[in-house]
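Read off the chains here:
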Amino acid sequence: MASISFKHVRKTYPGGVTVVPDLNLDIADKEFVILVGPSGCGKSTTLRMIAGLEDISDGELRIGDRVVNDVAPKDRDIAMVFQNYALYPHMTVYKNIAFGLTLQKVPADEIDRRVHEAAKALDLEHLLNRKPKALSGGQRQRVALGRAMVRNPAVFLLDEPLSNLDAKLRTAMRAEISRLHKRLQTTFVYVTHDQTEAMTMGDRIVVMKDGIIQQNDTPQTLYDYPCNLFVAGFIGSPQMNFVDAKIVKDGSGYAAEFCGSKVALPARMNEKLGAYANKTVVLGIRPEDVDTTAASDPHDIDAKIEIAELMGAEINLHATCDNVKFVVRTSSTYTGREGDTAALVFDKEKIHLFDKETEKAIAH
């Protein structure tokens, strides 16, 4: 059993700086959980507490059925992969992968079997006699993964393992790590500040800010139903557009008034919007949920295009209306360019509304 459970865990450093005030989180056996958030949000500290590299100031941490607050890192049955790979430069790839097993005095033939098994899985067999300086960044990262694999740990901890790689390698290594998880059927806890990694890899994402869990759910639920402004803005690339909008009565329903226009809101929101009539809320809409149309067709707002970024199959339009900035993701066949006026249509079913004071979601 390699479940992980935090019960009211607190981490305070000398001097009274509390990084994690009250963490409650359960990670199931064999689950792939991503801890995501901006720098300084407490995600790496949380990972290091699981590893035993950081002491717990208060609360209880369990791995499986054991309380491990005072258990040494070497006795926790975990393996950690670091951002900087942490390879020994004077050792060959073979010896780097075998190092932990050598310390555990595992028999030589068993070490050899496990090293070659891991090397085959990670396509490192032809590199076993090389030293780290002769390897690319992606190869070094695979060696670090191999060193963790051969120990057959109950829990894999990965601390921003791809942040030193270029974009193409990151994409390849994301797939590599996902395949590794399916193959090993082991609990993975993965820390990143890159929400694209989080969305593409995890069974579940834990979004953190200031040491506090903001939302803890599947990638699709986080994307479709963010619980507050922070999560809505953090998950998704380009990030969600936000605009202050006044809620007004519109026949039997409600509309959002902004940029000199009124956008009708879905009837399913009516029950929640009564308390917000004639009040200002924050309206959110993702770039892919705004469409561009011919100016003669019905549309919601006119916005001036400031920048058109060609992304290959798509164009990201950066546009403004009454000093409100919008990003619109549209087809590369779109012919508008900088300085033109874009006629924007909102997908009403994809609008999100947030309370301006509490920043909590009102309706989706």
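About the thresholds
- Position numbers for residues count from 1 along each chain, tracking the sequence in the order it is written.
- For this predicted model, a pLDDT threshold of at least 70 governs which residues receive local features, and a threshold of 80 or more governs which side-chain atom pairs are given and counted, while totals over whole chains, interfaces and linings are taken from all residues.
- No hydrogens and no water enter the side-chain calculation; it runs on all heavy atoms of the structure.
- Numbering goes from the N terminus for both helices and strands, where a helix is a DSSP run of H or I of at least four residues and a strand is a run of E of at least two.
- A helix is expected to reach a length of 1.5 Å times the quantity of its residues less one.
- Each residue's exposure class comes from its accessible area (1.4 Å probe, protein chains only) as a fraction of the maximum for that residue type: buried when under 20%, exposed when over 50%, partly exposed otherwise.
- Every residue pair with non-hydrogen atoms within 4.5 Å of one another is taken to be in contact.
- N or O atoms closer than or at 3.5 Å make up a polar contact, with two conditions inside protein: a donor-capable atom paired with an acceptor-capable one, and, for residues adjacent in sequence, both atoms drawn from side chains.
- A pair of strands is treated as paired once DSSP finds two or more bridges between them.
- Helix axes use the C-alpha atoms of the stretch in contact, all axes being lines fitted to C-alpha atoms, and the angles between their N-to-C directions lie in the range 0 to 180 degrees.

Undergrad: Outline helix α5 (residues 167–184), listing residues and values.
TA: Its 18 residues give α5 an end-to-end C-alpha distance of 26 Å, which sits within 8% of 26 Å, the value for a rise of 1.5 Å per residue. All of the buried residues in α5 are M173, R174, E176, I177, S178, L180 and H181. Looking at the buried side of α5, the elements it contacts are β3 (32–36), α3 (108–121), α4 (137–149), β7 (155–159), β8 (187–192) and α6 (195–201). The opening residue of α5 is D166, an N-cap whose side-chain oxygen sits 3.2 Å from the backbone nitrogen of K168. Following α5 by one or two positions, Q185 has its phi on the positive side, about 50 degrees.

Undergrad: Which residues make up the sheet that holds strand β19 (residues 341–346), and what values go with them?
TA: Pairing is antiparallel in the open sheet, where five strands are placed in the order β15-β19-β16-β17-β18. Either end of the sheet is taken by a strand with one partner, and the two such strands are β15 (290–293) and β18 (324–331). The sheet shows a mean angle of 45 degrees between the axes of neighbouring strands, direction not considered. Pairing geometry for strand β16 (residues 301–310) and strand β17 (residues 314–321), over six bridges, is antiparallel. Its bridge partner lying in β17, I307 is registered against H318.

Undergrad: Now, about the sheet that holds strand β21 (residues 361–363): what can you tell me, with residues and values included?
TA: Judged by pairing direction, the sheet is antiparallel, and its six strands sit side by side in the order β13-β12-β11-β14-β20-β21 without closing on themselves. In this open sheet, the two strands that pair with only one neighbour each are β13 (261–264) and β21. Looking at each pair of strands side by side, their axes are set apart by 45 degrees on average, direction ignored. Where strand β11 (residues 241–250) meets strand β12 (residues 253–258), five bridges bridge the pair, whose relative direction is antiparallel. Among the inter-strand pairings, I247 is bridged to a residue of β12, identified as A256.

Undergrad: Hey, could you go over the pairing of β17 for me, with residue numbers and the actual values?
TA: Most of β17 is tucked away: six of the eight residues are buried. Hairpin connection, β16 to β17: the antiparallel pair is bridged by three residues, and G312 has positive phi, about 105 degrees. Sheet analysis places β17 next to β18, joined by eight bridges and oriented antiparallel. Looking across to β18, one finds that H318 is bridged to V327. Between β17 and β18, which pair antiparallel one after the other, the connecting turn spans two residues, and D322 there sits at a positive phi close to 50 degrees.

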